[in-house]
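Chain by chain, the residues run as shown.
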Amino acid sequence: MLDISSSVSLFENAGHVIPGGVNSPVRAFKAVGGTPIFIKSANGAYIFDENDNKYIELINSWGPMILGHAHPLITEAVSKAIQNSLSFGAPTAREVEIAELIVSMIPSFEKVRMVNSGTEATMSAIRLARGYTKRDKVIKFEGCYHGHGDSFLIAAGSGAITMGEPNSPGVTKGTAKDTLTAPYNNLEAVEELVNANKDEIAAIILEPVAGNMGCVLPKVGFLEGLRKVCDQHGIILIFDEVMTGFRLAKGGAQEVFNIEPDLTCLGKIIGGGMPVGAYGGKKEIMDFVSPSGPVYQAGTLSGNPVAMAAGFTMLSYLNEHPEVYQNLESKTLTLKKGFETNLEKLGLDYSINQIGSMISIFFTNEKVENFEDAQKSNMDLFKNYFHEMLNRGIYLAPSQYETLFLSDALTDKDLNDIISANFESLKAIH
Ligand code: KE4
């Protein structure tokens with residue numbers, strides 16, 4: 001067992017002054033139990049905790065560190081930017097540069113607005129869709145997470161076409177009634193909702209590849225079907241690419257699946273590890289955003305020069321080195337093949353979903369195509385697996401409902417170490 005005594009005492013102290021001892025719930029290890037590891041530093045594919053234990057990293061700050069931690073180009077850009085002060089609250093040349101770069105990278109973009117988180121991006125996109133269409137209702141999918149905006153903290157309604165119910169205290173019934181939910185990959189359910197709420201639906205929002213119920217891919221025809229429904233009924237199609245943007249390709253999932261949403265939300269990689277989000281799309285819609293239009297949205301630190309320096313450096317590198325995506329896919333396929341071989345050797349037939357550098361093992365032998373399927377996973381097995389891997393120095397997302405993200409800093413030896421730890425851990429829990 002690793003000595004994590006420093007994390008234990010830090011977590012104890014943290015609990016006295018921070019709700020749950022963390023600044024974001026998933027970090028508290030609630031789904032897997034035990035003490036969250038307090039990280040002191042990270043470099044490339046490795047993170048180090050407060051007891052100097054070294055882990056191979058497969059969370060990468062939930063996506064942003066696609067090139068690995070402390071990439072010299074990014075740390076250098078940030079160090080340089082800081083010399084000129086940290087924030088002006090006024091327009092800067094760098095914001096124009098990064099906006100031009102993002103518009104050139106994301107197929108559906110004509111204009112983009114920078115914000116400070118994925119949540120801000122999705123909240124703003126929904127408000128814009130409602131303002132533009134003058135309609136109130138939105139459709140989201142069970143198991144898709146779009147940040148902590150009130151309109152998204154909604155459980156599925158009791159019936160297929162009943163309105164949503166709050167799934168957090170503090171979200172009002174008034175808000176919940178305007179969010180309808182459908183099972184992911186279920187086009188018929190969407191058509192039923194649209195027909196039952198004629199001309200009342202402003203937007204359909206989804207993760208084009210889901211990463212918040214574990215990694216779940218769109219079934220063939222699902223995204224195309226949503227595009228068609230939106231075109232037929234004047235509904236704004238919003239891709240939440242906070243995870244998939246710049247991860248699956250430089251143009252995100254919309255490039256991979258060749259589908260043009262009307263609005264796209266971005267986060268994570270866009271900031272290179274700094275707090276950045278963005279939303280964008282066709283100029284006809286984006287020009288509805290203040291100050292060019294009536295839909296209000298603002299932010300003191302939006303387009304912050306230090307964050308823009310990190311983000312611009314990250315995106316420029318990805319834009320100029322498309323080979324990163326081939327590398328990432330090949331490393332992830334090596335991992336997937338290793339996991340599949342291990343499962344076969346141990347007579348286990350758990351499901352693995354993978355696309356690009358996103359991968360999840362579900363502890364169920366059934367296909368996982370939506371949230372209901374994902375819920376069939378054996379959570380106790382996942383929990384034990386998580387800790388077996390952690391104790392072997394492999395840092396996984398502490399929930400079955402999260403996806404793993406690889407970085408291009410992983411070496412062949414790292415991949416082999418992960419595959420060996422996977423075998424030993426699976427063996428240990430069965
Ligand atoms: P943030 O507000 O956390 O930057 O982004 C919210 C968000 C929006 N859309 C998608 C598809 C997302 O995955 C996220 C945030 N992802 C989680 C991981 N499942 C962030 C980790 C956390 O909540 O601490």
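Residues numbered from 1 in each chain as written. Predicted model: local features only at pLDDT ≥ 70, side-chain atom pairs only at ≥ 80, totals over all residues. Heavy atoms only, no water.

S.K.: Tell me about the pattern of salt bridges, and please be specific about residues and values.
M.R.: Pairing between side chains of opposite charge can happen when their charged atoms approach one another. One pass over the full model with this rule turns up 17 salt bridges. Across the salt bridge formed by Arg-392 and Glu-388, the nearest N and O atoms sit 2.6 Å from each other. (Salt bridge = Lys/Arg side-chain N within 4 Å of Asp/Glu carboxyl O.)

S.K.: Any details on the site of the ligand? Residues and values, ideally.
M.R.: In the neighbourhood of the ligand, 16 residues make up the surrounding shell, with Ser-24, Thr-119, Asn-212, Asp-240 and Glu-402 lying closest. With respect to the ligand, the backbone of Gly-118 contributes an N or O atom lying 3.0 Å from an oxygen atom. Contacts to the ligand include Asp-240, whose side-chain N or O atom sits 2.7 Å from a nitrogen atom. Two domains share the shell around the ligand, each providing at least three of its residues, namely domain 1 (5-70 + 322-429) and domain 2 (72-320). (Near = heavy atom within 4 Å. Polar contact = N/O pair within 3.5 Å; in protein donor to acceptor, adjacent residues only side chain to side chain. Domains from an automatic or database assignment.)

S.K.: If you had to explain the pairing of strand E3 (residues 54-57) to someone new, which residues and values would you point to?
M.R.: Where strand E2 (residues 46-49) lies against E3, three bridges are found, and the strand directions are antiparallel. Paired with Phe-48 across the strands is Lys-54, a residue of E3. Between the end of E2 and the start of E3, which pair antiparallel, lie four residues, with Asp-52 showing a positive phi angle near 65°. Alignment of E3 against strand E15 (residues 394-395), held across two bridges, turns out to be parallel. The residue bridging Ile-56 from the neighbouring strand is Ile-394, located in E15. (Pairing = 2+ DSSP bridges. Helix = DSSP H or I, 4+ residues; strand = E, 2+ residues; numbered from the N terminus.)

S.K.: Can you explain the sheet that holds strand E1 (residues 39-43)? Please cite residues and give values.
M.R.: Strand order across the open sheet formed by four strands is E1-E2-E3-E15, with mixed pairing between neighbours. Each edge of the open sheet carries a strand with a single partner, namely E1 and E15. Bridge count for E1 against E2 is four bridges, and the pairing is antiparallel. In the strand pairing of E2, Ala-42 is matched with Ile-47.

S.K.: Please give an account of unusual backbone geometry that cites residues and values.
M.R.: A cis amide bond, omega 5°, links Ser-290 with the succeeding residue Pro-291. A positive phi is found at Asp-52, a non-glycine position, where the angle reads about 65°. Of note, Asp-52 is situated in the loop between E2 and E3.

S.K.: How would you sum up the packing of helix H11 (residues 323-345) against helix H14 (residues 412-429)? Please name residues and give values.
M.R.: Where H11 contacts H14, the axes come no closer than 9 Å and their chain directions differ by 25°. The angle between H11 and H14 falls in the class roughly parallel. When you trace H11 past H14, the crossing you get is right-handed. Contacts between H11 and H14 pair Lys-331, Thr-334, Leu-335, Gly-338, Phe-339, Asn-342, Leu-343 and Lys-345 from the former with Leu-415, Ile-418, Ile-419, Asn-422, Phe-423 and Leu-426 from the latter. Class assignment of the residues belonging to the contact of H11 with H14 gives a composition of eight nonpolar, four polar and two charged. (Axes fitted to C-alpha atoms, helices over the stretch in contact; angles between N-to-C directions. Parallel < 35°, antiparallel > 145°, perpendicular 65-115°, else oblique. Left-handed = near helix turned anticlockwise from the far one by under 90°. Contact = heavy atoms within 4.5 Å. Nonpolar A, V, L, I, M, F, W, Y, C, P; charged D, E, K, R; others polar.)

S.K.: Give me the lowdown on the side chain of Ser-351, citing residues and values where you can.
M.R.: Here Ser-351 lies in strand E13 (residues 351-355). For Ser-351, a relative accessible area of 12% corresponds to the buried category. With residues near it in sequence (within four places) discarded, Ser-351 still touches Ser-360, Ile-361, Phe-362, Thr-364, Asn-365, Glu-366, Lys-367 and Val-368. (Buried < 20%, exposed > 50% of the residue type's maximum accessible area, 1.4 Å probe, protein only.)

S.K.: Describe the domain arrangement of the protein, and please don't skip the residues or the numbers.
M.R.: Domain annotation for the protein reports domain 1 (5-70 + 322-429) and domain 2 (72-320). Taking the mean C-alpha position of each, domain 1 and domain 2 sit 25 Å from one another. Across the contact, 31 residues belong to domain 1 and 33 residues belong to domain 2. Carbon and sulfur atoms supply 67% of the area buried between domain 1 and domain 2, which totals about 2500 Å² over both sides. Summed over the shared surface of domain 1 and domain 2, the result is one salt bridge. Linking Lys-219 and Glu-369 is a salt bridge whose minimum nitrogen-to-oxygen distance equals 3.7 Å. For the pair domain 1 and domain 2, the interface holds 11 residue pairs in polar contact (both at pLDDT 80 or more). At the level of secondary structure, the elements contributing two or more residues to the side of domain 1 that touches domain 2 comprise H11, E13, strand E14 (358-362) and helix H12 (371-374). Ranked by the residues each element gives to the side of domain 1 that touches domain 2, the list is headed by E14, at four residues. (Buried area = accessible area lost by both parts, 1.4 Å probe.)

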